[in-house]
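Summary of the model geometry
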Amino acid sequence: MQNNYINYFTEIEEHFQRRRGSILLLSTLDWALIDTWREAGVPLAAVLRGIDAAFDKYEARKTRARMRKVNGLAWCAQAVMEAVEAMQEAAVGGSPVQTEAAGLERERIAQHLHAAATIFARAAALPALREIADRLEQLAQQKLPHEELERHLSALEEKLFALLITHMPAEELEQMREQAARELAPYRSRMQALQIRQIEQQFLRRRLLERYDLPRISLFYMQQGE
């Protein structure tokens, strides 16, 4: 199984739902949290172990007191970080989550880049995205090593987010930031300041992409082959 974003997200989502005991669609905040784990190189095994630890503790406390239902993945954030530390101390699984680029077919990568370029080229609301579309088409034609290609795509994404923030009306941008702050409020005491800032950034990026109906372009977000 390739360790791409679809698998990483899906396994976390399904494991959280199993432990919760019911289906709960993850929120933008939950997606943002998964993004921060992925970018920090948190192994999938550590995330699943942390979810288990958080629910084990929750269930032990629930037998002694009436407790509200767990309604967000962020409730498990502290336990996930503890699981990461435990794995590092045991020298088990400390390697970053990667795209396993060697197993990605060139044709699928080209299709991924062409599809993204088409969407950016059609984004009439922001004509400046045409430059990103053209660059994606160029990269689709080049046979670059996967790590080098990913560096180019990461740079393009940074340029994209800077562009979206510049063009977003200030009032809308502030509303997005306020939404992130509200949704994070119940979990702030369970997270470190750096993690909160990272989640807020990922939350804002996701909301910006949703606002303009644009995709992520990193190979990590490429659809898995059949």
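Residues numbered from 1 in each chain as written. Predicted model: local features only at pLDDT ≥ 70, side-chain atom pairs only at ≥ 80, totals over all residues. Heavy atoms only, no water.

1. A few points about the nonpolar core
For the record, the criterion: Definition of nonpolar core: a set of buried residues of the types Ala, Val, Leu, Ile, Met, Phe, Trp, Tyr and Cys, connected through side-chain atoms within 4.5 Å. When accessible area is computed with a 1.4 Å probe and restricted to protein chains, residues below 20% of their type maximum are described as buried, those above 50% as exposed, and intermediate ones as partly exposed. Working definition: helices are DSSP H or I runs of at least four residues, strands are E runs of at least two. Numbering for both runs from the N terminus. Throughout, a contact is declared for two residues whenever any of their heavy atoms are within 4.5 Å.
Ranked by internal contacts, the top residues of the largest apolar core, which has 39 residues, are Tyr 8, Ile 12, Phe 16, Trp 37 and Leu 73. Breaking this core down by element, the ones donating at least two residues are α1 (5–20), α2 (28–39), α3 (44–62), α4 (77–89), α8 (170–184) and α9 (193–212). A per-element tally of this core places α3 first, with eight residues. With residues up to four places along the chain from it excluded, the contact list for Ile 12 reads Ile 34, Trp 37, Leu 44, Val 47, Leu 48, Ile 51 and Leu 73. The next biggest cluster of nonpolar side chains, apart from the first, holds 32 residues, and it includes Phe 120, Leu 156, Leu 164 and Tyr 212.

2. Notes on the packing of α8 against α9
The criterion, for reference: Lines fitted to the C-alpha atoms define the axes, with helices restricted to the stretch that makes contact. Angles between their N-to-C directions range from 0 to 180 degrees. In this scheme, roughly parallel covers angles under 35 degrees and roughly antiparallel covers those over 145, while 65 to 115 is roughly perpendicular and the rest are oblique. Helix crossings are classified by the rotation of the near helix relative to the far one: an anticlockwise turn of less than a right angle makes the crossing left-handed, while a clockwise turn makes it right-handed. Under this grouping Gly is polar, as are all residues other than the nonpolar Ala, Val, Leu, Ile, Met, Phe, Trp, Tyr, Cys and Pro and the charged Asp, Glu, Lys and Arg.
Between α8 and α9, the least distance of the axes is 10 Å, while the angle of their chain directions is 135°. With respect to α9, the axis of α8 lies oblique. The two elements α8 and α9 cross, and the hand of that crossing is right-handed. Here α8 contributes Glu 172, Leu 173, Met 176, Arg 177, Gln 179, Ala 180, Glu 183 and Leu 184 to the contact with α9, which in turn contributes Ile 196, Ile 199, Glu 200, Phe 203, Leu 204, Arg 207, Leu 208 and Arg 211. Looking at side-chain class alone, the contact of α8 with α9 contains nine nonpolar, one polar and six charged residues.

3. Here's the deal with the side chain of Asp 35
The following threshold applies: Residues adjacent in sequence count toward polar contacts only when both atoms are side-chain atoms; beyond that, a polar contact is any pair of N or O atoms within 3.5 Å, and within protein one must be able to donate a hydrogen and the other to accept it.
Structurally, the position occupied by Asp 35 is in helix α2. Engagement of the side chain of Asp 35 in a polar contact is seen with the side chain of Tyr 221, the distance being 3.0 Å.

4. Digging into the environment of Trp 31
Position of Trp 31 among the secondary structure elements: in helix α2. Spatially, the C-alpha atoms of Trp 31 and Phe 9 are 8.0 Å apart, while their sequence positions differ by 22 residues.

5. Some details on the confidence of the model for the protein
Condition: Residue-level confidence of the predictor is what pLDDT reports, using numbers from 0 through 100.
On average, the protein scores 85 in pLDDT, and the residues at 70 or more come to 86%. A low-confidence stretch, residues 91–104 stays under pLDDT 50, and its non-local contacts, those more than four residues away or across chains, total 29 contacts.

6. Remarks on the pattern of salt bridges
Here is the rule we go by: Salt bridges, as used here, are contacts in which a Lys or Arg side-chain nitrogen is within 4 Å of a carboxyl oxygen on Asp or Glu.
Scanning the entire structure with this criterion turns up 14 salt bridges. Between Arg 216 and Glu 39 there is a salt bridge, with its nearest N and O atoms 3.9 Å apart. Note that Arg 216 is positioned in the segment after α9 and Glu 39 in helix α2, a separation of 177 residues in sequence. On the accessibility criterion, Glu 39 (43% relative accessible area) is partly exposed.

7. Describing helix α5 (residues 106–121)
For an α-helix the count is 3.6 residues per turn, leaving residues at separations of three or four pointing the same way. Our working rule: A helix is expected to span 1.5 Å multiplied by its residue count minus one.
With 16 residues, α5 extends 22 Å from end C-alpha to end C-alpha; this agrees with the ideal 22 Å at 1.5 Å per step. Considered for burial, the residues of α5 that qualify are Arg 108, Ile 109, Ala 110, His 112, Leu 113, Ala 116, Ala 117 and Phe 120.

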